[in-house]
Amino acid sequence: MCKSPGLVDRRTVFDRRGDGGGSPERDEAVRVQLGALNLDKSIIQNGASGKVQIPVGFFLIRHPKGDVLFDCGNNDKIITNPDYWGPFVKALDPGRSPDIAIDNQLSKINVKPSDIKYVVLGHFHVDHAGNIGKFLDSTFVYQRDEIRNAFWPAPGYATFFITDDFAMLRNSVGGPMPSKYKTIELDGDLDLFGDNSIYIHRTVSHTPGSQIMVVRLPKTGTVVLTSDAVYLQENLDKNILPSVGSVYDPVGMLDAYAWVKRVHDAEGGDILFAHDPDVYKAHKHSPEFYE
């Protein structure tokens, strides 16, 4: 299980450079942690029970054509404002140490928010899209179904969307385009750089517009980043769904499991889950990286 949310464990950096800084010449990947959440395991695995602490964070992929974030963690506002999430703070007990702020974590690997070219969002829940407002110079990559659902969720699924996390994306009144900032609004899959190194896959599963990222690294090989389309290794192995409130489309989530398995069977490599504490412990975390 991951460390206490007050202690900082940064998550894996995927780096294609090899020097730990400067302009990348090859792909690298890094995982950076922004605290943790404490919840009943039944939320992420149907039929389970008992409290579990799960890591929260994001992935940084350093590509020769620009740095990419996959997700951006909890909104840093919860560090100083315990009421920002309302009752969530008491219920989920997130990390609130100043050191887990995303700016601080990026600075430890010599990266600034302004260095990020793309922010790819696995989905818009509180623990994945919280820090959107710190990357307004970046290009956001998300599914059209997801942004629509984030602003007006389907009945029964509004709980984990905090509108203030992403309200700034909406254009000014009267503007012809809905997004105020640079976006790639998808309705399907995308080869981000056109070189097969970062592939984004749409899956109607955990949410209406969830995304899985496949990163292909020169030395490590293929790494699948599941976001919440797959919560745990055990869920994937045994086709276990999360609780009803954590899966928008159960059949779609099982399809996502099958897609991840197909990629892994075809290409080998690794699968990294956003919240699996055991898989987190078994892998590299920033400042270490995968090449």
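Counting of residues starts from 1 at the beginning of each chain's written sequence and follows it residue by residue. Local features are withheld for residues below a pLDDT of 70 in this predicted model, meaning they are given only at 70 or higher, and side-chain atom pairs are given and counted only at 80 or more; totals for whole chains, interfaces and linings count all residues. As a rule here, side-chain values come from all non-hydrogen atoms in the structure, and water together with hydrogens is ignored.

### What to know about the confidence of the model for the protein chain
Each residue carries a pLDDT value, the predictor's own confidence for that position, ranging from 0 to 100. Summary statistics for the protein chain give a mean pLDDT of 89 and a share of 90% for residues scoring 70 or more. It only takes one pair of heavy atoms within 4.5 Å for two residues to be counted as in contact. Low pLDDT, under 50, characterises residues 1–12; the predicted model gives this stretch 67 contacts beyond four residues in sequence or across chains.

### A short note on the nonpolar core
By size, the foremost hydrophobic cluster in this structure holds 36 residues, and its most contacted members are Ile61, Val68, Val120, Leu192, Met213, Leu225 and Val260. Under the DSSP-based scheme used, a helix requires at least four consecutive residues in state H or I and a strand at least two consecutive residues in state E, with every element numbered from the N terminus. Secondary structure elements with two or more residues in this core: strand S3 (51–63), strand S4 (66–70), strand S5 (116–120), strand S9 (198–203), strand S10 (210–217), strand S11 (221–225), helix H6 (250–267) and strand S12 (270–272). Throughout this description, the term nonpolar core refers to a set of buried Ala, Val, Leu, Ile, Met, Phe, Trp, Tyr and Cys residues connected via side-chain atoms within 4.5 Å. Three exposure classes are used, based on accessible area relative to the maximum for each residue type with a 1.4 Å probe and protein chains only: buried under 20%, partly exposed in between, and exposed over 50%. In terms of nonpolar packing, the next biggest core, distinct from the first, is built from 26 residues, Phe58, Ala129, Phe135 and Leu169 among them.

### Describing the packing of aromatic side chains
When the centres of two rings from Phe, Tyr and Trp lie within 6.5 Å, Trp using its six-membered ring, the rings pair. Their planes under 30 degrees apart give stacked, over 60 give edge-to-face, and anything left gives tilted. Taken as a whole and assessed by the stated rule, the structure comprises 5 aromatic pairs. Between Tyr157 and Tyr248 the ring centres are 5.6 Å apart and the planes differ by 70°, which places this aromatic pair in the edge-to-face class. Here Tyr157, found in the loop between helix H4 (144–151) and strand S7 (183–186), pairs with Tyr248, found in the loop between helix H5 (233–238) and H6; they are 91 residues apart in sequence, far enough to count as distant. One aromatic cluster is present, formed by Phe124, Tyr142, Phe151 and Phe166 through successive ring pairs. In this scheme, the term charge over a ring applies when either NZ of a lysine or CZ of an arginine sits within 6 Å of the ring centre and within 35 degrees of the ring normal. Lying across the ring of Tyr290, Lys284 places its NZ or CZ 5.0 Å from the centre.

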